Amino acid sequence: MISGITNLRGNVKRVDQIVRILGKYGLGNFIGEKTPDFIQRRFVSAEGIAVRDYPVEVRVRMALTELGTTFIKVGQMMSQRPDMVGPELAAQLESLQADTPPDPPALVRATIEEELGQRPDAIFAAFNQLALASASVGQVHLAELKDGSPVVVKVQHAGIEPKVKSDLSLMMTLAQAAENNSRELAQYRPTATVAEFQRSLLRELDFEVELHNMEQFARNFADDPDVHFPVGYPEFSSKRVLTMERLDGYSIARRDKMIADGVDPTAFADLFANTMLSMVFRDGFYHADPHPGNIFVLPGGRIGMLDSGKVGRVDEKTQDDFINIVTAFINHDVDSLTDELARICETPAT
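Only a predicted model underlies this, so the values are computations on that prediction, with no experimental measurement involved.

Draft legend 1. Region of interest: the sheet that holds strand β9 (residues 295–298). Strand order in the open sheet formed by four strands is β5-β10-β9-β7, and the pairing between neighbours is mixed. Two strands close off the open sheet at either side, each with one partner strand: β5 (227–228) and β7 (250–251). With two bridges joining them, β5 and strand β10 (residues 302–305) adopt parallel strand pairing. Within β10, the residue paired with H228 across the bridge is G304. Packing against the sheet, helix α15 (residues 265–283) makes contact with β5, β9 and β10, and its axis sits at approximately 50° to β10.

Structure, rendered in structure tokens:
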């Protein structure tokens, strides 16, 4: 516990910032018109709108956005569990997938020059300084190589790594305190959960890892004309900059456009399901962040998959276990399904 206290003291500025932001959004309902102006001014959004005027789900999303990368990632995970957080909050948090504030152009140029040793105009024939999209870890810019190849350049947000590591350290301290002081919370293994989240997020901060993952996926699906991963350009990439092929497609969220283009949504869903099954059961190497913003509809109804920063691996034994579970499920064999789940899952101590 002493080490935890030391950790909190060592990050006192960040702790203070987190507390103030959470207070700002969590206390919005209690700030009324009779509250002094100098206090009310602390409880407004970036657009100057009083926090109390927003629904609680919106305030949660705004707070996570203001807290930065680590908390945005937590919100993204929450958005995929409407059964736990409720459909209204999950719907709000979905925008965190690709709707976070971008860095200004000057900062982007500085990051590229620092990472690649040259200014963008020396590397690319064209480079759009305005971000096409911005997510928790980085933002994407349209560009063109000197040979005319259309590409996108993913640039990591400046200065996020130290803040992410500090936030993860604080999360681990709180998880350890929860596990040590609450038998109920200990059953959910908070330290193990934070440790896995930490490993995953730190890997996402290294774009060279994403480049290698993308290349591995391309090799795995080299003989499948219906599945495509962007081609990467190692010579124009680094830990914080990733240059890759620009895909001529759009998100599966645009169902109306799929229908207008003659793409059968049901057939595309089957293609996507079979692609994921091939990753898990054939390759033991799968895309672990397949939200709609990362799944593209390509010409001819092909599937394009973006953002290979988060992946998972499945060994042969686990593949066999999954097959047993699917078989029991298909056969409506409740006893076998229960036995298999109890065998492979780690049950917390009571």
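After that view, the rundown keeps rolling.
Draft legend 2. Molecular detail of the packing of aromatic side chains. Taken as a whole and assessed by the stated rule, the structure comprises six aromatic pairs. Taken together, a centroid distance of 4.7 Å and an interplanar angle of 5° make the contact between F217 and F229 stacked. Placement of F217 in helix α13 (residues 207–220) and of F229 in the loop between β5 and β6 (241–245) is noted, with a sequence separation of 12 residues between them. The ring of F207 carries K154 above its face, with NZ or CZ at 4.9 Å from the centroid. The side chain of R282 reaches across the aromatic face of F221, ending 4.8 Å from its centre.

Draft legend 3. Quick peek at the pattern of salt bridges. Inspection of the entire model under this criterion finds 16 salt bridges. Across the pair R240 and E114 runs a salt bridge whose closest N-O atoms are separated by 3.3 Å. Of this pair, R240 sits in the loop between β5 and β6 while E114 is found in helix α8 (residues 105–116), placing the two residues 126 residues apart along the sequence. A relative accessible area of 13% means that R240 is categorised as buried. One salt bridge in this structure joins K154 and E210, with 2.9 Å as the shortest N-O distance. A residue pair is termed long-range when its members are at least 10 positions apart, and K154 in strand β4 (residues 150–156) and E210 in helix α13 qualify at 56 residues. Residues K154 and E210 agree in their burial class; the two are buried. The structure contains a network of salt bridges with shared partners spanning K317, D321, E340 and R343.

Draft legend 4. Just helix α5 (residues 69–79), in detail. With eight of 11 residues buried, α5 is to be regarded as a mostly interior element. Considered for burial, the residues of α5 that qualify are T69, T70, F71, I72, K73, G75, Q76 and S79.

Draft legend 5. Expanded view of unusual backbone geometry. In this structure, D307 is a non-glycine residue whose phi angle is positive, near 55°. Take D307: it is sitting in the loop between β10 and β11 (311–313). Although it is not a glycine, H332 sits at a positive phi angle of roughly 55°. You can see H332 is positioned in the loop between α16 (316–330) and α17 (334–344).

Draft legend 6. Expanded view of the environment of A253. With respect to the helices, strands and loops of the structure, A253 is situated in the loop between β7 and α14 (255–260). The exposure class of A253 is exposed, given its relative accessible area of 60%. Remark: the alpha-carbon pair of A253 and I295, spanning 42 residues in sequence, is separated by 8.8 Å.

Draft legend 7. Representation of the side chain of E204 within the structure. Counting through the fold element by element, E204 comes out in helix α12 (residues 190–204). According to the relative accessible area criterion, E204 is buried, its value standing at 6%. In this structure the side chain of E204 is engaged in a polar contact, spanning 2.8 Å, whose partner is the side chain of K73.

Draft legend 8. Broad picture of the packing of helix α10 (residues 160–181) against α12. The N-to-C vectors of α10 and α12 enclose an angle of 165°; their axes lie 8 Å apart at closest approach. Put simply, α10 runs roughly antiparallel to α12. Both α10 and α12 take part in a crossing whose hand is left-handed. When α10 is examined against α12, the residues V164, K165, L168, M171, M172, A175, Q176 and E179 are found in contact with a partner set consisting of P190, T191, V194, A195, F197, Q198, L201 and L202. Grouping the constituent residues of the contact of α10 with α12 by class yields 11 nonpolar, three polar and two charged.

Rules used in this analysis
Residues numbered from 1 in each chain as written. Predicted model: local features only at pLDDT ≥ 70, side-chain atom pairs only at ≥ 80, totals over all residues. Heavy atoms only, no water. Pairing = 2+ DSSP bridges. Helix = DSSP H or I, 4+ residues; strand = E, 2+ residues; numbered from the N terminus. Contact = heavy atoms within 4.5 Å. Axes fitted to C-alpha atoms, helices over the stretch in contact; angles between N-to-C directions. Phe/Tyr/Trp six-rings, centres within 6.5 Å; stacked < 30°, edge-to-face > 60°. Lys NZ or Arg CZ within 6 Å of the ring centre and 35° of its normal. Salt bridge = Lys/Arg side-chain N within 4 Å of Asp/Glu carboxyl O. Buried < 20%, exposed > 50% of the residue type's maximum accessible area, 1.4 Å probe, protein only. Polar contact = N/O pair within 3.5 Å; in protein donor to acceptor, adjacent residues only side chain to side chain. Parallel < 35°, antiparallel > 145°, perpendicular 65-115°, else oblique. Left-handed = near helix turned anticlockwise from the far one by under 90°. Nonpolar A, V, L, I, M, F, W, Y, C, P; charged D, E, K, R; others polar.

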